[in-house]
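# Remarks on the overall topology
Each chain is listed here by its residues.
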Amino acid sequence: MEPLPGIRIRRLRLVGMERSYDVDLTAEQRVRNLSVIAGAFSSGKTAVLEFIAYGLGAKRHPRHQEVLRRVRSCLLEVELSGEPHVIERSVGEPSKVAFVRRGTLDSRPTSRAESRPIDPPGAPESLSSLLLSHCKLEGVQLREAPTNSESRTDPLSFRDLMWLAFLPNERVADKNFLFENDYMRKHKLRQVVDVAFGVHDDRAVELGQRIQELGGRLNRAKAELAAARTFVVEQAPTALDSEPTPAIHEQELADITSQLTELDRRAKAGTEFAARLRHQHKEAAQTSRRAAAVLRDCETQLQRLMPLRAQYADDLLKLGMLGEAQQIFDPLSVTTCPACLNRLSAPPTADDGRCSLCRHALTAAEGTLVLGAADTGSQAGDNRVDVAAETRSTKARLKEITTYIDELGTSLAALKLRAEEAAVQEEQAAAALDAATSPSVSPFLAARDDLHRRREQVLRRLEQAESAVKLREGLAKRADAVERHEAQLARLREELARLGDASHDRDRVIAKISGRYGELLRAWRYPKVSTPFIKKTDLTPFVRGEPYQEASSGARTLLTLAWQLAVFEIAVEAEAAHPGFLMIDSPQKNLGHGGTLDAVIADAVAIDDFYHHLSLWLAERGSRAQLIVADNSPPPLVESSVVVRYSRDEVRPPYGLIEDETSADEETEADA
């Protein structure tokens with residue numbers, strides 16, 4: 001049987017830094033018709049459904065602390081019209097882009113992931129357009145005011161279609177189940193139902209517009225395919241002649257690598273006899289390096305000491321000149337009067353406590369007249385340089401440096417000779433090693449060179465094959481787009497040809513849904529059920545002549561479940577434009593689990609009836625549909641359909657969706 005067009009959920013994987021958390025909805029590689037996610041309160045059942053919705057384009061994902069701590073990305077494996085795909089979105093801040101690739105979670109990617117923006121949903125390259133194309137709804141426009149032919153239109157989003165594919169806990173038994181408090185959402189929900197069944201107003205006009213738009217896309221896709229084929233023929237004409245086989249080249253490359261490893265092992269084993277010669281060559285090389293280092297040190301010291309010796313010799317000359325100047329010029333003699341500049345008849349003396357030159361009174365500390373103090377700017381006479389002592393010290397250091405330089409110069413010749421001899425010995429040892437090992441190593445070297453040449457050739461062929469694969473993938477992708485557009489165009493034209501009266505068709509569809517709604521309530525033994533129906537104008541469910549808002553909390557649970565299932569079952573049976581799966585959260589709400597218990601309804605209705613109907617319908621008329629239910633305590637009737645059961649008990653794993661976040665971790669976090 002051909003796969004039903006639409007979407008089926010196969011697996012959910014939350015990828016973390018250290019590990020991943022999986023929920024598998026398949027059995028023997030096939031999608032289960034009924035998958036039940038069971039477990040205690042606050043264990044992650046609802047989060048599984050919300051992450052599935054997030055993978056399909058929802059704006060937000062669960063933001064529990066354990067999720068934000070552990071999870072980095074959400075991977076959803078789905079079947080799009082029967083072909084497996086993987087949709088990936090980052091976790092943390094809700095991502096604006098989803099990455100879609102063909103294949104499964106565990107299979108090796110055969111092509112590069114395609115980037116699909118989340119918004120705007122009406123963009124041809126968006127994730128919403130991709131998912132809607134597999135539901136036969138790509139390009140649908142919804143009028144803001146249905147009765148006005150000139151009203152603005154908004155593109156249908158897959159998030160809108162999810163109203164028919166996901167019944168979250170907050171909508172079960174809610175008095176605002178059909179968005180009665182939000183006119184625009186209520187209006188859009190009615191349009192989504194009409195669009196899914198193909199009975200909305202202006203269906204012919206809308207089909208014509210979609211046919212025209214798809215025709216333009218088809219022409220562009222054909223042009224892109226032709227241009228791509230021309231490019232491939234010009235740049236890589238052999239890429240289309242035969243199927244490229246990178247795997248063969250990769251295997252050949254692995255064989256060459258193993259041959260190189262074996263060749264190195266054999267070469268090493270074949271030259272082990274030369275171990276003594278290698279040891280001798282190693283010792284000779286070390287001796288040569290040490291001799292060269294000693295020679296370099298000696299030459300370096302000579303280069304540094306020669307300028308130092310010259311500096312000391314220059315200092316010695318300067319000291320000699322200073323001594324001669326002191327003998328020729330006495331800086332302490334005063335022979336000329338500083339006032340009249342006439343020659344003094346006698347040198348200045350201390351006369352009765354006064355200076356004989358200026359008659360200045362001298363203190364006790366200045367009892368001795370020091371000549372020349374005006375020239376030096378100091379009253380101390382011991383600041384004069386002891387030229388003789390400095391000369392003796394400089395001569396001694398110069399003699400030591402000269403002696404050391406002479407010793408280095410004498411040993412330099414011997415060091416050069418020793419270094420040359422060590423270098424010669426190293427060359428001889430190397431020559432002996434080469435002579436001993438060359439006959440054994442040469443064949444290995446030749447074989448190694450040949451293997452390296454073959455390796456380079458294989459690498460080039462592998463690169464060419466990988467390029468050819470990418471080119472063929474690009475052509476296949478464009479060819480698939482052309483084929484998909486042609487199939488959609490043919491389907492829309494066929495639908496336009498058999499289009500009848502929309503209002504009459506809508507009445508017939510709502511009548512079917514209303515009839516199924518009543519059947520479900522009777523099958524579930526709804527108390528005193530009478531005149532159950534769904535109102536044609538606004539789709540409100542009625543029972544006992546009253547709208548669902550007037551019923552008790554437990555009764556509203558059954559009424560909302562019946563409405564959702566009725567729409568889903570009729571859509572699947574009529575092969576309408578529905579995704580083909582339905583997720584239900586907490587079907588026992590107000591019936592014994594969660595919220596306020598409605599004793600009347602809970603006593604009268606057994607949850608077994610709900611699951612019994614699902615099992616019968618899926619086995620017969622809904623064999624190609626998929627139902628995913630999150631329930632606290634499903635009955636034994638569907639035990640075989642339970643794909644995972646979260647215990648919230650550390651001794652009975654799995655604890656929850658994030659398995660390694662236990663109650664001990666929660667208590668530690670609360671204490672902190």
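Everything quoted here is computed from the prediction, not taken from an experiment.

Tallying secondary structure elements over the chain gives 15 helices and 20 strands in all. The burial tally for the chain puts 41% of its 672 residues in the buried class. Taking all contacts inside the chain whose residues are at least 6 apart in sequence as the whole, residues at least 24 apart take part in 69%. By element, 52% of the accessible surface of the chain is carried by carbon and sulfur atoms, the whole surface being about 36500 Å².

Let us now look at the packing of aromatic side chains. This model, assessed by the stated rule, comprises seven aromatic pairs. On the basis of an interplanar angle of 55° and a centroid distance of 5.5 Å, the ring pair of W524 and F610 is categorised as tilted. With a gap of 86 residues between them, W524 in the loop between α11 (502-523) and β15 (533-534) and F610 in helix α14 (residues 607-619) connect regions that are remote in the sequence. A relative accessible area of 1% places W524 in the buried class. Members of the aromatic cluster, each reached through a chain of ring pairs, are F177, Y548 and W563. Over the ring of Y54 we find R89, and its NZ or CZ is 3.9 Å from the ring centre. Sitting over the face of the ring of F179, R185 holds its NZ or CZ atom 4.2 Å from the ring centroid.

Bringing the pattern of salt bridges into the picture now. Once the charged atoms of two side chains with opposite charge are near each other, the side chains can pair. One pass over the full model with this rule turns up 26 salt bridges. A salt bridge links D314 to K318; the nearest nitrogen and oxygen atoms lie 3.5 Å apart. Of this pair, D314 and K318 both sit in helix α8 (residues 275-328), four residues apart, which is roughly one turn of the helix. We note a salt bridge from R516 to E569, for which the minimum N-O separation is 2.8 Å. In this pair, R516 sits in helix α11 while E569 sits in helix α12 (residues 553-573), placing the two residues 53 residues apart along the sequence. Residue R516 is classed as buried on the basis of its relative accessible area, which comes to 7%.

Read across the sheet, three strands follow the order β15-β16-β17 without closing on themselves; strand pairing throughout is antiparallel. In the strand order of this sheet, the two ends are held by β15 and β17 (546-547), each with one partner. In the sheet, β15 pairs with strand β16 (residues 541-543) via two bridges, with the strands oriented antiparallel. Looking at the pairing, I534 lines up with P541 of β16.

The rules behind these values
Residues numbered from 1 in each chain as written. Predicted model: local features only at pLDDT ≥ 70, side-chain atom pairs only at ≥ 80, totals over all residues. Heavy atoms only, no water. Helix = DSSP H or I, 4+ residues; strand = E, 2+ residues; numbered from the N terminus. Buried < 20%, exposed > 50% of the residue type's maximum accessible area, 1.4 Å probe, protein only. Contact = heavy atoms within 4.5 Å. Areas by Shrake-Rupley, 256 points an atom, 1.4 Å probe, with all protein chains shown as cover. Phe/Tyr/Trp six-rings, centres within 6.5 Å; stacked < 30°, edge-to-face > 60°. Lys NZ or Arg CZ within 6 Å of the ring centre and 35° of its normal. Salt bridge = Lys/Arg side-chain N within 4 Å of Asp/Glu carboxyl O. Pairing = 2+ DSSP bridges.

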